[in-house]
Amino acid sequence: MKKVVITEFGDVSKLAIVECNLPEPAAGEVQLSVEYSIVLGSDVNMRRGTYPFQKKAPLTPGYSVLGTVRLNGKGCSKFKVGDRVACLSKYEGQAELINLPERFLVPVPEGVDRKAAVALVLDCVTAYQMLRHAADVKSGQRIFIHGLSGAVGGALLSLGKIQGAQVFGTTKHEELRTLGAVPFDYSNKNWITAMQELGGGDAVFDPLGFESFDESYSVLRKGGILVGYGMNLPALTKRARPSAFPAILKLLSKNLFFWSGKRTTFFGVRRSSKNFMHDLELLFEWLRSGNISVPIKATFRLEEIQKAHREYAGSSRIGSIVIEISRSGCVAITQAIKRAFEATTYHSFLQADFTLPIHIADIRWLPHKLKPWHSFGTNHANDRGLEHRRRRGARGHAAIGPRTGSRSHYGSLPLVWLTRSIQTRYQKSYKV
Ligand SMILES: NC(=O)c1ccc[n+]([C@@H]2O[C@H](COP(=O)([O-])OP(=O)(O)OC[C@H]3O[C@@H](n4cnc5c(N)ncnc54)[C@H](OP(=O)(O)O)[C@@H]3O)[C@@H](O)[C@H]2O)c1
């Protein structure tokens, strides 16, 4: 499988696409064929080695994933092979396959836009939890959001409006006024006096960090709360980033001035938190029913990961950045064919004196037209037999190749057809 690797900390040239194998899922884990993941400020910070408490390089980022179940590990039965699920993965999401604990997977409702769904897992859940659980925003309250046009900022805006709040914030996008927000340009500090003259905000949401936390605190009214949730300004301005620890310490130490009546907190989304699964399911339902929409700023293919990082802070559009990894589960099967092509000579290929080992779970992705040529395992079981085994959750490998009898005449045909058929069907240029 292919995956993104940050080989060492540094600029975008440290992002590579590598080929590797993923072990079968351990007990309690499920293996997914990943269709979509996301890129956000934390990816840029992870690449620069400045994300709080992050893994050392080499590492694979990918904060959320959406994909189909490919294999169930021991003890897993909640999902069937082929079910579409999503997960807050934090790492390893920018890969064609991923193993994840079954208990953190959430089914994706039929009919929802998959790009919106994968972005929702992190961006909307973060916004929803900050509004509802961290700040407990009530109808009529004034809230101030840094980065109204951002992935989390935009979600705070729409969820804040649903909550009945008056929304103010910073952005260069004047058009956000049509969504009911009062936008201020962040290139000057006019928003500080404007908010103070209004009497201050009940809640301020700040992903920018050190200096910004002071400014945000200054626009809180008595009884208000400042929710810090990032240290993103250096990633946006391409400056070196100081350690996260002093910024968080400074933010939280403001609580010592209890007589001010203001509070501060730092929010970090966690999939193991009490409300996470419930909130994600609720937001998926709101997405399905059209209560909320999730704008997508840009979509990149896995191979374009460097471009995604380069354009992270430069886009003039609003919303989340999505990485398209595979639109189907045909990746594994296409790679099996590729390996077979590489491992054979032209002569033996024409004779088709080999079969392709593929995982039983991937049999479902074979184009229907090819079924007559399948030959499975040593006993040449028929298609129905194999499909039956797959449905019963059979694991391990089978072999596909021409049926005995057609081998000498049409040996190479099925593989060529298989390859073309997969490419046409999914309109992807897998080079096999
Ligand atoms: N703690 C958590 O649980 C959690 C969860 C999710 C994300 N995060 C963090 O939240 C941060 C924001 O992520 P995101 O994906 O929402 O961001 P994003 O989509 O990249 O949005 C960036 C925003 O910053 C604004 N901006 C750009 N340059 C700026 C500047 N010089 N000063 C002020 N604002 C500027 C942009 O406004 P314009 O478009 O108007 O230029 C845009 O609205 C990241 O650091 C991420 O790691 C934390």
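All values reported here derive from a predicted model rather than from experimental measurement. (Residues numbered from 1 in each chain as written. Predicted model: local features only at pLDDT ≥ 70, side-chain atom pairs only at ≥ 80, totals over all residues.)

### Focus on the sheet that holds strand β11 (residues 201–206)
Here is step 1 of the chain: Sheet architecture is open: six strands sit in the order β10-β9-β8-β11-β12-β13, paired in parallel fashion. Two strands lie at the open edges of the sheet, namely β10 (181–184) and β13 (263–266), each paired on one side alone. Here the strands of the sheet are splayed against their neighbours by 15 degrees on average, with no regard to which way each runs.
Here is step 2 of the chain: Sheet topology places strand β8 (residues 142–145) next to β11; three bridges connect them, and they run parallel. Paired with Ile145 across the two strands is Phe205, which belongs to β11.
Here is step 3 of the chain: Across the sheet, helix α7 (residues 244–253) is in contact with β12 (220–228) and β13; its angle to β13 comes to roughly 150 degrees. (Pairing = 2+ DSSP bridges. Helix = DSSP H or I, 4+ residues; strand = E, 2+ residues; numbered from the N terminus. Axes fitted to C-alpha atoms, helices over the stretch in contact; angles between N-to-C directions. Contact = placed C-beta atoms within 7 Å.)

### Some words on the site of the ligand
Here is step 1 of the chain: Around the ligand there are 27 residues in total, and Gly41, Gly147, Gly150, Gly230 and Asn232 lie nearest to it.
Here is step 2 of the chain: Every element with two or more residues in the shell around the ligand is listed here: α1 (41–48), α2 (114–134), α3 (151–162) and α6 (233–237).
Here is step 3 of the chain: In terms of residue count, α3 provides more of the shell around the ligand than any other element does, three residues in total.
Here is step 4 of the chain: Two domains each put at least three residues into the shell around the ligand: domain 1 (2–121 + 271–324) and domain 2 (123–266). (Near = placed C-beta within 6 Å. Domains from an automatic or database assignment.)

### Focus: the environment of Glu303
Here is step 1 of the chain: With respect to the helices, strands and loops of the structure, Glu303 is situated in the loop between β14 (296–301) and α9 (305–310).
Here is step 2 of the chain: Overall, Glu303 belongs to the exposed group, with 11 C-beta atoms counted inside 10 Å.
Here is step 3 of the chain: Expressed as a C-alpha distance, the spacing of Glu303 and Lys3, which sit 300 residues apart in the sequence, is 9.1 Å. (Buried ≥ 20, exposed ≤ 12 C-beta atoms within 10 Å, placed from the backbone.)

### Digging into the packing of α2 against α3
Here is step 1 of the chain: Interaxial distance between α2 and α3 falls to 8 Å at its minimum, and their mutual angle equals 55 degrees. On the basis of their axis angle, the class for α2 and α3 is oblique. Judged by the sense of rotation from one axis to the other, the crossing of α2 with α3 is right-handed. Where α2 abuts α3, its residues Ala119, Asp123, Cys124, Thr126, Ala127, Tyr128 and Leu131 lie against Ala151, Val152, Ala155, Leu156, Leu159 and Gly160.
Here is step 2 of the chain: Looking at side-chain class alone, the contact of α2 with α3 contains 10 nonpolar, two polar and one charged residues. (Parallel < 35°, antiparallel > 145°, perpendicular 65-115°, else oblique. Left-handed = near helix turned anticlockwise from the far one by under 90°. Nonpolar A, V, L, I, M, F, W, Y, C, P; charged D, E, K, R; others polar.)

### Digging into helix α5 (residues 210–218)
Here is step 1 of the chain: Of the residues making up α5, those classed as buried are Ser212, Phe213, Ser216 and Tyr217. Each buried residue of α5 lies within a common arc of 140 degrees when the element is viewed along its axis, so the set occupies one face. Opposite the buried face of α5, at more than 90 degrees from it, the exposed residues are Glu211 and Asp214.
Here is step 2 of the chain: Of the surrounding elements, those touching the buried residues of α5 are β11, β12, α6, α7 and β13. (Arc of directions from axis to C-beta.)

### Here's the deal with the pairing of β8
Here is step 1 of the chain: Burial of the side chains of β8 extends over both faces: Arg142 and Phe144 are buried on one face and Ile143 and Ile145 on the other.
Here is step 2 of the chain: Pairing analysis gives four bridges linking β8 to strand β9 (residues 166–170), with the strands arranged parallel. Residue pairing across strands places Phe144 opposite Phe168, the latter belonging to β9.
Here is step 3 of the chain: The β-α-β motif built from β8, the intervening α3 and the parallel element β9 has right-handed crossover chirality. (Right-handed = clockwise from strand over helix to strand, strands pointing away.)

### A look at α2
Here is step 1 of the chain: Taking 1.5 Å of rise per residue, the 21 residues of α2 would be expected to cover 30 Å, and the 28 Å separating its terminal C-alpha atoms lies within 8% of that figure.
Here is step 2 of the chain: In α2, a bend of some 55 degrees at Leu120 exceeds every other bend along the element.
Here is step 3 of the chain: The element α2 is extensively covered by neighbouring structure, given that 17 of its 21 residues are classed as buried.
Here is step 4 of the chain: Phi for Asp136, located one or two positions after α2, is positive at around 50 degrees. (Expected span 1.5 Å × (residues − 1). Bend = angle between axes of the 7 residues up to and from the residue.)

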